[in-house]
Amino acid sequence: MIMVGTPAGMRRAAVAAMAALSLTGLAACSGGDSDPAVPGSGGGAGDDLAASAPVASGLPAGSTMEKIKQRGELVVGGSLDAPLLSQQNPATKKVEGLDADFGRLLAKYIIGKPNVKIVNSASETREALLSNGTVDVVFQTYSITPERAKQVAFAGPYYSSGLVIATKKDETGIKAPADLKGRTIIAGANTPAIPAIKKVAPDAKIVTFGSDPECVQALKQGRGDAYVQDEAVLLATAKQDPSIQIQGKPFTSDPYGIGLKHGDAQMKQFVNDWLKQIQQSGLWAKVWKNSIGTVVQGEAPQPPAIGSAPGSE
């Protein structure tokens, strides 16, 4: 999860979608660090997007970007189990969604081809994967916070969401953040949900799990009264599982950043320049339409301003 205002259009569309239903970095608590790296090739609409995506020219000699191009693939820290964001299709084995598509478009910009390898990472491991060079970038609903910015660099933000409350369908006593007081609340380990819960309900008991599916399962098992997670993650969950309901609108504003190794100012500027290009060309809106836009009604929102989140300057 992550901290810049969600555009008003997105807010209105999300509210309408939630009413119809009764979306899934970052940071979201998707992913587990025990899975191997997998090819991140896309399919269908994702391939169409890559076909029209820009390619950079004149990569600086010795730069991170040149090294990635020479290697021939972009290594992305991400998820394989985050619907609408980065989920491996069990039939095709391809990874699909908002984050997955953005990763392929960045790979196309650097390499000339959308060649991506995804290292399935967890909320607790992203900083280490970047710092030790295991991954080049992280696309995983990675909320920009000043604390995280001390360890990694953030390009973007490239998307903005916010924390919402999910409960079991038959829950009647939790409708707003104030109702979390004195309750047992589920959250993803090492996610912004934890301090947000403490702020609105200091006496709540917080139990954490390492992945979004684990959190959802714990909620269904009654191991907590509610689950606080990013709206983008929970929209898909609520649509696919009628036993889960989103209660109300987001009560935080969370900008997603593209995680990069700390101190590589050249790479950060390069990625921000790429992001500006896909925003201006309309590719950003097409990625949204192909993912979150499949469950949220209305036109694509305006993307957040690059450098607008504390920690992304």
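The sections below set out a description of the structure shown in this document. (Residues numbered from 1 in each chain as written. Predicted model: local features only at pLDDT ≥ 70, side-chain atom pairs only at ≥ 80, totals over all residues. Heavy atoms only, no water.)

Section: the environment of K199
Turning to step 1, where the next piece is worked out: Among the structural elements, K199 can be located in helix 6 (residues 193–200).
Turning to step 2, where the next piece is worked out: Looking at K199, the relative accessible area reads 73%, which means it is exposed.
Turning to step 3, where the next piece is worked out: A sequence separation of 22 residues divides K199 from P177, and the C-alpha atoms of the two residues are 9.7 Å apart. (Helix = DSSP H or I, 4+ residues; strand = E, 2+ residues; numbered from the N terminus. Buried < 20%, exposed > 50% of the residue type's maximum accessible area, 1.4 Å probe, protein only.)

Quick look at helix 7 (residues 212–220)
Turning to step 1, where the next piece is worked out: For helix 7, every residue scored as buried is listed here: D212, C215, V216, A218 and L219. Projection of helix 7 onto a plane perpendicular to its axis shows the buried side chains occupying an angular sector of 160°, all on one side.
Turning to step 2, where the next piece is worked out: If you follow the buried residues of helix 7, they end up packed against strand 9 (163–168), strand 10 (184–188), strand 11 (205–209), strand 12 (226–230), helix 8 (231–240) and strand 13 (244–247).
Turning to step 3, where the next piece is worked out: Just downstream of helix 7, G222 is the residue with a positive phi angle, here 80°. (Arc of directions from axis to C-beta. Contact = heavy atoms within 4.5 Å.)

A short note on the packing of aromatic side chains
Turning to step 1, where the next piece is worked out: Within this structure, the stated rule accounts for eight aromatic pairs.
Turning to step 2, where the next piece is worked out: When the centroid spacing of 5.0 Å and the interplanar angle of 70° are considered together, the rings of Y142 and F154 count as edge-to-face. Remark: F154 occurs in strand 8 (residues 152–161) and Y142 occurs in strand 7 (residues 137–143); sequence separation between them is 12 residues.
Turning to step 3, where the next piece is worked out: Judged by relative accessible area, F154 falls into the buried class, the value being 0%.
Turning to step 4, where the next piece is worked out: Considering the side-chain rings of Y158 and Y256, the 6.2 Å spacing of their centres and the 50° angle between planes classify their relative orientation as tilted. Placement of the pair is Y158 in strand 8 and Y256 in strand 14 (residues 254–261), with a sequence separation of 98 residues. Assigned by exposure class, Y158 and Y256 land together as buried.
Turning to step 5, where the next piece is worked out: Through a chain of ring-to-ring contacts, three or more aromatic side chains come together here, namely F102, F139, Y158, Y159, Y256, W274 and W284. (Phe/Tyr/Trp six-rings, centres within 6.5 Å; stacked < 30°, edge-to-face > 60°.)

Remarks on unusual backbone geometry
Turning to step 1, where the next piece is worked out: Cis geometry is adopted by the peptide bond preceding P157, which originates at G156 and carries an omega value of 10°.
Turning to step 2, where the next piece is worked out: Counting through the fold element by element, P157 comes out in strand 8.
Turning to step 3, where the next piece is worked out: The backbone of T141 shows a phi angle near 40°, a positive value even though the residue is not glycine.
Turning to step 4, where the next piece is worked out: With respect to the secondary-structure elements, T141 resides in strand 7.
Turning to step 5, where the next piece is worked out: One non-glycine residue, N190, lies in the positive phi region at around 60°.
Turning to step 6, where the next piece is worked out: Looking at where N190 falls in the secondary structure, it is placed in the loop between strand 10 and helix 6.
Turning to step 7, where the next piece is worked out: Looking at N190, the relative accessible area reads 36%, which means it is partly exposed.

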